[in-house]
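# Coordinate inspection notes
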Amino acid sequence: MGTTFDQTKATGGSSHRVFVIFVGDIEERWEEVNVPAEQIMRKTGVSDPQNFILEALDHKGGNPVAEFSSGQSVNLDAEHRKFFRITPGGGGRS
Amino acid sequence: MSQVEAGLPERLRQALEHLRSKRACDVRVDAVQDNFAYIWVSDVANGSAEPMGGWIRLPLVFPEANPHGLVTREAVKNSSGGQVTDAHNPGHDMCGPVRSLGGAHYYSWTWQNCPVLRSIEDIVGVVQWYERRIRNG
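No experiment lies behind these values; they were computed from the predicted model shown.

## Digging into the overall build of chain A
Each helix and strand in chain A was counted, giving one helix and nine strands. Listing each helix as α and each strand as β along chain A from the N terminus yields β-β-β-β-α-β-β-β-β-β. For chain A, the proportion of its 94 residues judged to be buried stands at 32%. For chain A, the proportion of contacts with a sequence separation of at least 24, taken over those separated by at least 6, is 53%.

## Details of the pairing of strand β6 (residues 64–68) of chain A
All names here are of chain A. Here strand β5 (residues 52–57) pairs with β6 via four bridges, running antiparallel. Its bridge partner being in β6, E55 is matched across the sheet by E67. The hairpin turn running from β5 into β6, its antiparallel successor, is six residues long, and G61 in that turn takes a positive phi close to 70°.

## A closer look at the interface of chain B and chain A
Chain B puts 18 residues into the contact, and the matching count from chain A is 16 residues. When contributions to the side of chain B that touches chain A are tallied by element, the ones reaching two or more residues are β6 (105–110) and α3 (123–136) of chain B. Take the side of chain B that touches chain A: its biggest share by element is six residues, from α3(B). Considering only residue class, the side of chain B that touches chain A consists of seven nonpolar, seven polar and four charged. Both strand β9 (residues 92–93) of chain A and β6(B) contribute to a ladder of two bridges, which runs antiparallel. Each residue of the ladder has a partner; that of A:G92, found in β6(B), is B:T110.

## Focus on the packing of helix α2 (residues 10–22) of chain B against α3(B)
All names here are of chain B. For the pair α2 and α3, the least separation of the axes is 9 Å and the interaxial angle reads 65°. Viewed along their axes, α2 and α3 adopt a mutual orientation that is roughly perpendicular. On α3, the residues touching A15, H18, L19 and K22 of α2 are I123, V124 and V127. Taken together, the residues of the contact of α2 with α3 break down into five nonpolar, one polar and one charged.

## Quick notes on the pairing of β5(A)
Two faces belong to every sheet, and in a regular strand the side chains alternate between them. Residues and elements named next belong to chain A. With six of six residues buried, β5 lies mostly within the body of the structure. Burial along β5 is two-sided: the residues F52, L54 and A56 and I53, E55 and L57 are all buried. Of the strand pairs in this sheet, β5 and strand β8 (residues 83–88) are connected by six bridges, and their pairing is antiparallel. Bridge assignment links E55 to a residue of β8, and that residue is R85.

## Things to note about the confidence of the model for chain A
The share of residues in chain A with pLDDT of 70 or more is 84%, and the mean pLDDT across the chain is 88. Low pLDDT, under 50, characterises residues 1–13 of chain A; the stretch is placed with 29 contacts to residues that sit more than four places away or in other chains.

How each quantity is defined
Residues numbered from 1 in each chain as written. Chains lettered and ligands numbered in written order. Predicted model: local features only at pLDDT ≥ 70, side-chain atom pairs only at ≥ 80, totals over all residues. Helix = DSSP H or I, 4+ residues; strand = E, 2+ residues; numbered from the N terminus. Buried ≥ 20, exposed ≤ 12 C-beta atoms within 10 Å, placed from the backbone. Contact = placed C-beta atoms within 7 Å. Pairing = 2+ DSSP bridges. Nonpolar A, V, L, I, M, F, W, Y, C, P; charged D, E, K, R; others polar. Axes fitted to C-alpha atoms, helices over the stretch in contact; angles between N-to-C directions. Parallel < 35°, antiparallel > 145°, perpendicular 65-115°, else oblique. pLDDT = per-residue confidence, 0-100.

Dropping the structure here:
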């Protein structure tokens with residue numbers, strides 16, 4: 001099990017887990033283990049996630065340990081998948 | 001506030017204040033040349049244990065224009081511990097305004113294909129963008 005906080009809820013005899021994550025200071029709750037980075041970013045209000053990178057941090061306000069473009073899936077059950085930040089993507093050189 | 005910073009356009013000064021409020025580190029203006037300010041940020045992370053400092057080049061009309069380049073004292077290392085080779089220009093003229101402060105390495109990174117900057121608060125994302133370029137450089 002990863003460091004992502006999970007919660008087990010009894011629902012009519014079955015149970016499901018809720019992954020609570022933070023993107024900056026914004027809390028999100030997901031019931032799926034694998035969530036597209038695009039959806040995580042959209043939930044914070046980003047309307048053009050294809051222009052940004054979702055970065056997983058080692059702790060709140062910490063250093064990035066993994067990065068996901070909008071087309072990638074994030075395993076919320078993996079290590080270091082509780083705290084995230086959104087960083088501009090792209091970039092060139094002159 | 002330094003004399004150099006006092007002379008900056010108001011929106012850029014506001015952006016620097018915002019950056020200071022979000023990052024517990026030294027943020028100051030060390031030089032202005034060719035419509036760009038050289039902003040020293042003392043804790044630009046590269047994914048290793050020890051953060052480094054560097055001068056990010058922000059246009060005086062930020063956020064209406066885009067960042068361009070980074071100047072550092074030492075050659076920058078990426079998250080793997082190797083030297084960042086992406087657009088690395090040692091001893092480039094662009095280091096000139098901060099050469100007396102040790103500026104010796106110029107990374108000519110541009111904002112090409114990046115999201116449009118909309119507000120002064122975007123300065124936080126700009127620094128994070130530099131950090132990503134260092135990590136992956």
